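Here's the letter readout for the chains.
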Amino acid sequence: MSSLAVYLQLTPEFGGTRFGPFEQVEVRLGSDSNCDITLNADLGIEAVHVSIMRQPDDSLIVAPAHRTAGVYLWRARSRKPTLVSTATACRSGESF
């Protein structure tokens, strides 16, 4: 695994905040203060909502904490998001 760091950024409608750098393999996002990225539960975020895991080739895996977490992935050049209910590969520049 390289020494590249991961940055995650909220969309403008959610404030545009940029988080990182994260150098660990797994980054957890949720409303619980023990998560690496903590968001307000009023946004529909569960205690632990999703994990982002860096792979040895520096690609990312987006994994909802459970099937009801409501994680959507916007693929490059796609106008509609795809509901993600299991661990799914994500490329740089894609959004979830």
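Just above, that's the structure.
This report concerns the structure included in the present document.

Calculation rules
Residues numbered from 1 in each chain as written. Predicted model: local features only at pLDDT ≥ 70, side-chain atom pairs only at ≥ 80, totals over all residues. Heavy atoms only, no water. Helix = DSSP H or I, 4+ residues; strand = E, 2+ residues; numbered from the N terminus. Contact = heavy atoms within 4.5 Å. Areas by Shrake-Rupley, 256 points an atom, 1.4 Å probe, with all protein chains shown as cover. Pairing = 2+ DSSP bridges. Core = buried A, V, L, I, M, F, W, Y, C linked by side-chain atoms within 4.5 Å. Buried < 20%, exposed > 50% of the residue type's maximum accessible area, 1.4 Å probe, protein only. Disulfide = S-S within 2.5 Å. Phe/Tyr/Trp six-rings, centres within 6.5 Å; stacked < 30°, edge-to-face > 60°. Lys NZ or Arg CZ within 6 Å of the ring centre and 35° of its normal.

### Some thoughts on the overall build of the protein chain
Scanning the protein chain for helices and strands turns up zero helices and nine strands. In the protein chain, the succession of helices and strands from N to C terminus is β-β-β-β-β-β-β-β-β. Judged by the C-alpha coordinates and their principal axes, the protein chain covers about 35 × 30 × 25 Å. When contacts within the protein chain are restricted to residue pairs at least 6 apart in sequence, those whose partners lie at least 24 apart make up 27%. If you sum the accessible surface of the protein chain, you get close to 6300 Å²; carbon and sulfur atoms cover 50% of it.

### Brief notes about the sheet that holds strand S5 (residues 50-54)
An order of S4-S3-S5-S6-S9 is seen for the five strands of this open sheet, with the pairing classed as mixed. Two strands bound the open sheet, and with one partner strand each, they are strand S4 (37-38) and strand S9 (88-90). Bridging between strand S3 (residues 26-30) and S5 involves four bridges; their strand directions are antiparallel. Bridge pairing in S5 places Glu26 opposite Met53.

### Some thoughts on the nonpolar core
Counting residues in each nonpolar core, the largest one holds 19 residues, and the members touching the most others are Ile37 and Leu39. Elements with a contribution of two residues or more to this core: strand S1 (6-9), strand S2 (18-22), S3, S5, strand S6 (60-64) and strand S7 (71-73).

### Comments concerning the environment of Thr38
On the secondary structure map, Thr38 appears in strand S4. Considered as a pair, Thr38 and Thr86 are 48 residues apart in the sequence and their alpha carbons are 21 Å apart. Thr38 has contacts with Gly30, Ser31, Asp32 and Ser33, leaving out every residue within four places of it along the chain.

### Focus: the state of the cysteines
Throughout the structure, instances matching the rule amount to zero disulfides. Between Cys35, a free cysteine, and Cys90, which holds the nearest cysteine sulfur, the sulfur-to-sulfur gap is 18 Å.

### Description of the packing of aromatic side chains
Under the criterion given, the structure shown has zero aromatic pairs. Directly above the ring of Tyr7 sits Arg18, whose terminal nitrogen or CZ lies 3.9 Å from the centroid.

### Focus on the side chain of Arg54
Mapped onto the elements, Arg54 comes out in strand S5. When its relative accessible area of 4% is taken as the criterion, Arg54 is described as buried.

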